[in-house]
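# Residue-level structure breakdown
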Amino acid sequence: MPNRDIAARVGVAPSTCLERIRRPVDYDEVLALAAGGHPAAAAVVDAAAAGLGRMISLAANLAMQSTVVLAGEGLGLWSIAESKIRAAAAADSDPLADTVDILVDDAGFGAWARGAAAIAIQAAVARLEHTDWPR
């Protein structure tokens, strides 16, 4: 994956990864470098963590929800920057709102696909129950 795509995925300026690390790296390598103490990679991850925390807070505030579920292929960021993400989310939360509970679903694509299939089947059955088919 090109650095500009990695930067977009983690929510930083398009040239930040390449300019700071000085060589092409992929998403997992940026996370590994940051976890290993590489200062430039850590700066990229910190910026992404702050952006994700703010986004969580904005979504919770806008939807007036107290629980947010994170899932998907970008969860590696959570594993190394959880405290920064939580701090950014708390800093931007509405002071009158309940504390946002952040849940992480790392079940992966298989679980998502099974859930999507179950919902599709339920919808199909519900449609069939409201028709005269089969006779």
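Residues numbered from 1 in each chain as written. Predicted model: local features only at pLDDT ≥ 70, side-chain atom pairs only at ≥ 80, totals over all residues. Heavy atoms only, no water.

## Regarding the pairing of strand β2 (residues 101–105)
Direction of pairing for strand β1 (residues 67–71) relative to β2: parallel, over a ladder of five bridges. Counterpart to A71 in the pairing with β2 is D105. (Pairing = 2+ DSSP bridges. Helix = DSSP H or I, 4+ residues; strand = E, 2+ residues; numbered from the N terminus.)

## Some points on the nonpolar core
Formed by 24 residues in total, the largest nonpolar core has its most connected members in V45, I56, L70, L77, I85 and I102. Taken together, the elements giving at least two residues each to this core come down to α3 (27–35), α4 (39–63), β1 and α5 (76–91). It is α4 that provides the largest number of residues to this core, a total of eight residues. Each residue touching I85, except ones within four places of it in the same chain, is listed here: A49, L52, G53, I56, L77 and W78. (Core = buried A, V, L, I, M, F, W, Y, C linked by side-chain atoms within 4.5 Å. Buried < 20%, exposed > 50% of the residue type's maximum accessible area, 1.4 Å probe, protein only. Contact = heavy atoms within 4.5 Å.)

## A short note on the pairing of β1
On β1, burial follows the alternation: V68 and L70 on one face are buried, whereas T67, V69 and A71 on the facing-out side are not. With respect to chirality, the unit in which β1 leads through α5 into the neighbouring parallel β2 is right-handed. (Right-handed = clockwise from strand over helix to strand, strands pointing away.)

## Topic: α5
Between the first and last C-alpha of α5 there are 22 Å, a value that for 16 residues agrees with the 22 Å anticipated at 1.5 Å per step. Maximum bend of α5: about 85°, positioned at E82. For α5, the complete set of buried residues consists of L77, W78, A81, I85, A88 and A89. Packed against the buried residues of α5 are α3, α4, β1 and β2. (Expected span 1.5 Å × (residues − 1). Bend = angle between axes of the 7 residues up to and from the residue.)

## Points about the pattern of salt bridges
Two side chains that carry opposite charge are able to pair once their charged atoms sit near each other. Within this structure, the stated rule accounts for two salt bridges. Salt-bridge contacts for D46 lead to K84; the nearest nitrogen and oxygen are separated by 3.1 Å. Of this pair, D46 sits in helix α4 while K84 sits in helix α5; the two residues are 38 residues apart in sequence, bridging distant segments of the chain. Between R86 and E82 there is a salt bridge, and its shortest N-O distance comes to 2.9 Å. (Salt bridge = Lys/Arg side-chain N within 4 Å of Asp/Glu carboxyl O.)

## Details of the confidence of the model for the protein chain
Mean pLDDT over the protein chain: 84, with 80% of residues reaching 70 or higher. The secondary structure element of the protein chain with the lowest average pLDDT is helix α2 (residues 16–21), at 61, and the one with the highest is α5, at 95. (pLDDT = per-residue confidence, 0-100.)

## Digging into the environment of E29
Topologically, E29 is positioned in helix α3. Measuring from C-alpha to C-alpha, the distance between E29 and A41 comes to 8.9 Å, with twelve residues separating the pair along the chain. Non-local contacts of E29, meaning those with residues more than four positions away in its chain, are made with R23 and P24.

## A few points about the packing of α3 against α5
The interhelical angle for the contact between α3 and α5, taken along N-to-C directions, is 25°, at an axis separation of 9 Å. The pairing of α3 with α5 is recorded here as roughly parallel in orientation. As for how α3 packs across α5, the hand of that crossing is left-handed. Contact residues: Y27, L31, A34 and A35 in α3; G76, L77 and I80 in α5. Per-class residue counts for the contact of α3 with α5 are six nonpolar, one polar and no charged. (Axes fitted to C-alpha atoms, helices over the stretch in contact; angles between N-to-C directions. Parallel < 35°, antiparallel > 145°, perpendicular 65-115°, else oblique. Left-handed = near helix turned anticlockwise from the far one by under 90°. Nonpolar A, V, L, I, M, F, W, Y, C, P; charged D, E, K, R; others polar.)

## Re unusual backbone geometry
Not every positive phi belongs to a glycine, and M64 is a case in point at roughly 55°. Examined against the element boundaries, M64 turns out to sit in the loop between α4 and β1. For M64, a relative accessible area of 73% puts it in the exposed group.

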